[in-house]
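Geometric and topological summary
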Amino acid sequence: MIRAEGESEVALDPGVPDGQELPPDAEPPEVSVMEIHREGLLEAPGADAPPHDGLGRVTLSFTVDTGPESPAAQRSVRVPPGVSVFDSASWNGIAVDSTCGGHGTCHKCRVRVEGATPVTRHDVRTFTPDQLDEGWRLACLVPATRDLEVFVPPLTTRPKAATVGVGRQVILRPAVQKRYVELEEPTLADQRSDIVRLLDAITDLVPSPDLHVLRRLPGVLRAADFKVTAVIVDEALVEVEPGDTTGQRHAIAFDLGTTTVVATLLDLTTGTPVAVASMLNKQQPFGGDVISRISATMMDDRALARLQDAAGATLAELAEQVCREGGVAAESVYEVAVAGNATMVALALGIDPEPIGVAPFVMTTALPPTVLAAELGLSLHPRARAVMFPALGAYVGGDIVSGMLATGMDRDKRTRLFIDVGTNCEIVLSDGDTIVATAAPAGPAFEGGAIRCGMRAADGAIEVVRLHPEAGATDPVELQVIGDVAPRGLCGSGLVDAVAELVRVGLLDDSGRFIPDEAAADVAPGLVDRLTRIGEERVFVLHRPTPDADPADCVVLSQRDVRELQFAKAAISTGWSLLLDELGLEHRDVQQVLLAGSFGSYLSPAAAVRIGLVPSLPLLRIVSAGNVAGEGAKMALLSLPERAGALTLVEEVTYVELSDRPDFNDRFVEHLGFAKGS
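Residues numbered from 1 in each chain as written. Predicted model: local features only at pLDDT ≥ 70, side-chain atom pairs only at ≥ 80, totals over all residues. Heavy atoms only, no water.

**Notes on the overall build of the chain**
Of regular secondary structure, the chain possesses 19 helices and 27 strands. Here the chain, with 678 residues, has 54% of them falling under the buried criterion. Summed over all atoms, the accessible surface of the chain reaches about 28500 Å², with 51% contributed by carbon and sulfur. (Helix = DSSP H or I, 4+ residues; strand = E, 2+ residues; numbered from the N terminus. Buried < 20%, exposed > 50% of the residue type's maximum accessible area, 1.4 Å probe, protein only. Areas by Shrake-Rupley, 256 points an atom, 1.4 Å probe, with all protein chains shown as cover.)

**Describing the sheet that holds strand S6 (residues 176-182)**
Pairing between sheet strands relies on hydrogen bonds along the backbone, with the strands arranged either parallel or antiparallel. An order of S6-S8-S9-S7 is seen for the four strands of this open sheet, with the pairing classed as mixed. Where the open sheet ends on each side, the last strands, each with one partner, are S6 and strand S7 (208-209). As paired strands, S6 and strand S8 (residues 227-233) are joined by seven bridges and run antiparallel to one another. Each residue of the ladder has a partner; that of Val176, found in S8, is Val233. Against the sheet, helix H5 (residues 194-201) touches S6, S7, S8 and strand S9 (236-242), its axis set at about 95° to S9. (Pairing = 2+ DSSP bridges. Contact = heavy atoms within 4.5 Å. Axes fitted to C-alpha atoms, helices over the stretch in contact; angles between N-to-C directions.)

**Some details on the nonpolar core**
By size, the foremost hydrophobic cluster in this structure holds 85 residues, and its most contacted members are Ile252, Phe254, Val336, Leu376, Leu378, Leu380 and Met404. When residues no more than four places from it in sequence are discounted, the contact partners of Leu376 are Gly312, Leu315, Val338, Ala348, Leu349, Val371, Ala386 and Met388. (Core = buried A, V, L, I, M, F, W, Y, C linked by side-chain atoms within 4.5 Å.)

**Looking at the packing of helix H7 (residues 290-299) against helix H9 (residues 342-349)**
Packing of H7 against H9 brings their axes to within 10 Å, and their N-to-C directions diverge by 35°. Regarding H7 and H9, the two cross each other, and that crossing is left-handed. Contacts between H7 and H9 involve Val290, Arg293, Ile294 and Thr297 on the former and, on the latter, Thr343, Met344 and Leu347. In terms of residue class, the contact of H7 with H9 is built from four nonpolar, two polar and one charged. (Left-handed = near helix turned anticlockwise from the far one by under 90°. Nonpolar A, V, L, I, M, F, W, Y, C, P; charged D, E, K, R; others polar.)

**Section: the environment of Lys282**
In this fold, Lys282 is placed in the loop between strand S12 (272-280) and H7. Sequence-wise, Lys282 and Thr259 are 23 residues apart; in three dimensions their C-alpha atoms are separated by 8.6 Å. Discounting residues that sit within four places of it in the chain, Lys282 has contacts with Ala310, Ala313, Thr314 and Glu317. A polar side-chain atom of Lys282 sits 3.1 Å from a polar atom in the side chain of Glu317. (Polar contact = N/O pair within 3.5 Å; in protein donor to acceptor, adjacent residues only side chain to side chain.)

**Points about helix H8 (residues 303-326)**
Spanning 24 residues, H8 covers 34 Å between terminal C-alpha atoms, matching the ideal 34 Å at 1.5 Å per step. Backbone geometry just after H8 places Gly327 at a positive phi near 65°. (Expected span 1.5 Å × (residues − 1).)

**Re the sheet that holds strand S3 (residues 110-114)**
With respect to topology, five strands assemble into an open sheet ordered S2-S1-S5-S3-S4, the strand pairing being mixed. Each of the sheet's edge strands pairs with one partner strand only, and the pair in question is strand S2 (73-79) and strand S4 (136-138). Averaged over all neighbouring strand pairs, the angle between strand axes comes to 35°, with direction disregarded. For S3 and S4, the ladder comprises three bridges, and the chain directions are antiparallel. Following the sheet pairing, Arg110 is matched in S4 by Leu138.

**Considering the packing of aromatic side chains**
Here the structure, examined in full by the defined rule, presents four aromatic pairs. Ring centres of Phe127 and Trp136 lie 6.4 Å apart, and the angle between their planes is 35°; on these two criteria the pair is classed as tilted. Residue Phe127 is classed as buried on the basis of its relative accessible area, which comes to 6%. Trp136 gets classed as buried once you look at its relative accessible area, which sits at 17%. Each ring, one from Trp136 and one from Phe151, has its centre 6.3 Å from the other, and the planes form 85°; the classification is edge-to-face. Here the residue Trp136 occupies a position in strand S4, and Phe151 occupies one in strand S5 (residues 148-152), the gap between them amounting to 15 residues. (Phe/Tyr/Trp six-rings, centres within 6.5 Å; stacked < 30°, edge-to-face > 60°.)

**Thoughts on the pattern of salt bridges**
Overall, the coordinates contain 30 salt bridges when judged by the stated rule. The partner of Asp210 in a salt bridge is Arg385, with the nearest N and O atoms 3.6 Å apart. Taken together, the positions of Asp210 in the loop between S7 and helix H6 (211-223) and Arg385 in strand S15 (residues 385-388) put the pair 175 residues apart, joining distant regions of the chain. Its salt-bridge partner being Arg216, residue Glu239 comes within 2.8 Å of it at the nearest N-O pair. Taken together, the positions of Glu239 in strand S9 and Arg216 in helix H6 put the pair 23 residues apart, joining distant regions of the chain. Judged by relative accessible area, which is 34%, Arg216 ranks as partly exposed. Through salt bridges with shared partners, one network takes in Asp581, Glu582, Arg661, Asp663 and Arg667. (Salt bridge = Lys/Arg side-chain N within 4 Å of Asp/Glu carboxyl O.)

**As for the pairing of strand S22 (residues 531-534)**
Relative to strand S23 (residues 537-543), S22 runs antiparallel, the two sharing four bridges. By the bridge assignment, Arg533 is partnered in S23 with Arg538.

**Observations regarding the packing of H7 against H8**
It is at 7 Å that the axes of H7 and H8 come closest, and there the two elements cross at 135°. When the interaxial angle is binned, H7 and H8 end up oblique. Between H7 and H8, the residues in contact are Arg293, Ala296 and Thr297 and Ala303, Leu304 and Leu307, respectively. Of the residues belonging to the contact of H7 with H8, the class tally is four nonpolar, one polar and one charged. (Parallel < 35°, antiparallel > 145°, perpendicular 65-115°, else oblique.)

**Observations regarding H5**
Regarding H5, the residues found buried are Asp194, Ile195, Arg197 and Leu198. Viewed end-on, H5 has its buried residues packed into an arc of 160°, placing them on one side of the element. Along its buried surface, H5 packs onto S6, S7, H6, S8 and S9. (Arc of directions from axis to C-beta.)

**Some details on the confidence of the model for the chain**
With 87% of its residues at a pLDDT of at least 70, the chain reaches an overall mean of 85. Overall, residues 1-50 carries pLDDT values under 50, and its contacts beyond four positions in sequence, including any with other chains, amount to 71 contacts. (pLDDT = per-residue confidence, 0-100.)

**Brief notes about the state of the cysteines**
A complete count under the given rule lists zero disulfides for this structure. With no disulfide of its own, Cys140 lies 3.7 Å from the sulfur of Cys109, the closest cysteine sulfur. Here Cys453 stays unpaired: no disulfide links it, and the sulfur of Cys554, its closest cysteine neighbor, is 8.6 Å away. (Disulfide = S-S within 2.5 Å.)

**Some remarks on unusual backbone geometry**
Glycine aside, a negative phi is what most residues show, and trans is what most peptide bonds show. Note that the residue after Ala359, namely Pro360, is joined by a cis bond; omega there is 10°. Looking at where Pro360 falls in the secondary structure, it is placed in the loop between helix H10 (354-357) and strand S14 (371-372). The backbone phi angle of Asp234 is positive, close to 60°, even though this residue is not glycine. The exposure class assigned to Asp234 is partly exposed, which follows from its relative accessible area of 39%. Of note, Phe361 is a non-glycine position whose phi angle comes to about 60°, a positive value. Relative to the helices and strands, Phe361 resides in the loop between H10 and S14. Overall, Phe361 belongs to the partly exposed group, its relative accessible area being 32%.

**Description of the side chain of Thr415**
On the secondary structure map, Thr415 appears in the loop between helix H11 (398-407) and strand S16 (416-420). The contact partners of Thr415, leaving out residues within four places of it in the chain, are Leu429, Ser430, Asp431, Leu585, Asp589, Val590, Gln591 and Gln592.

Encoded structure:
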């Protein structure tokens, strides 16, 4: 159990044992459904509905809101009685939002169920009494014990994401090469085989033909009057095309993220991007983090195949989109590169990820094989190859190696700190000679998970917060909202901003507790009316839909949200501080901090310093690096020397396992407060 200085210990279980006093800033204990009904919040559900006999099937009729531009989708499924609504939807390809994988902890899988349905304690926490009366429930906690009609709100499939990042100039030397040749036709005097005739005409390469080519070669040569283009990938002759197609040479770079997947279509002739697209990873219903997805495969033998299919569907949809937007035929895409963490790559390849999730955290392979893109579910050229980045460890995967390649971590002589902020935070430190890396379990807070009003970085998410504490301020709480619409929730960058601002104006003390109301009136008179309670928990109101709105209907930051952020940032700051110790450095020795990934791209450096997420350094030393994993994947497609450089990087980096450090817990507690780096 961990506590900030001067704070009462709070059990992780929200319930409170008999005789134990509830801490003043904790949520009230969970109550049973019967207690809810005794309090008069809801009528008792469906007492007249006969219980299902446990045999046969029940029918769930889903109405899925697909957004304002298309009509709602209707789908009926039949499932065994007792299966949750969430699982019933996921098993049948109906996407319901979730970051915990259906375990009742993220409170994201919100659906509206027609008819009387039991209310759980988690439902009471998530919905207002009016919403509960309307039938809103958490789908993972509704058992399908009878036929139900279920309304599913729209899922955010295109969250705000960084699609470009810091990169380097490279020598254009892709693995995909094309050679146009005009061959002499065979004669009785020249009876060379078709393949020898073709290979003899290619003077600068010595490719080996695929069986696919040999099957097509006779017909293509003669239909094209022996004027053809040979397509070579690495040392393989993968295609012979009629005419001169040397100007049509493409590849796709994928950043296969746990939350968001980004695809970039490249013209290999010029080395320039043609189109880029991103979308939510379709594996999301299985959980918002890799541990949830690994757990899903351990609990259900069929989950691995479903997760593999979901990864393939995500990649395929993005590939189709970038080809369509770029006006490029899918058949002219001959290679893809995939940068992803070890779990995402394993799931995409259909490799059992269980050993990654349990001690001693072992990967099946650190260097995944090159496979046909079709094995990843992609409909490109039939012989298109898919190359994967090598991984440093189970939790420092190929996406980080790709990011290190893009940022030149092995080339720069400065002391540089690379931080990819996410559910699992990867950290790399280089002093110009030695490179060390580690991973820190930050949790889902930065993705909006486990946050009362948390959401992904989509329309309606607060991403920037500025507070004006003086009395009489025209706009005491200034917000920037994605999509310039009314605020619906708080994304990761907004969470960090809100906490940093509350620390700055003094409404949060160094331990992360809201200060007493009487002190708040003196410290921030213009904001004191925003500091209130929902039940017994203190909250700060960021947005009121109406001036007299109940706090439960507002977008708020709760005391528990602050605690979630403290745990996340403490894990990260403990990680980089221990790496500094490994190299005998102080935080002031760091000359550049690179904040990588989509979250790092939108994170305010000033806010990150104020809460201690990064070392306390001049802000000009902190750089938003963007989608460097995607940049590294592009470089690997554009330049074979850079691809080889990724393999060299793996040999140069030393991985540091934090769980083996006896001083980890003490250092973690030191970094919980906001004095560090403030």
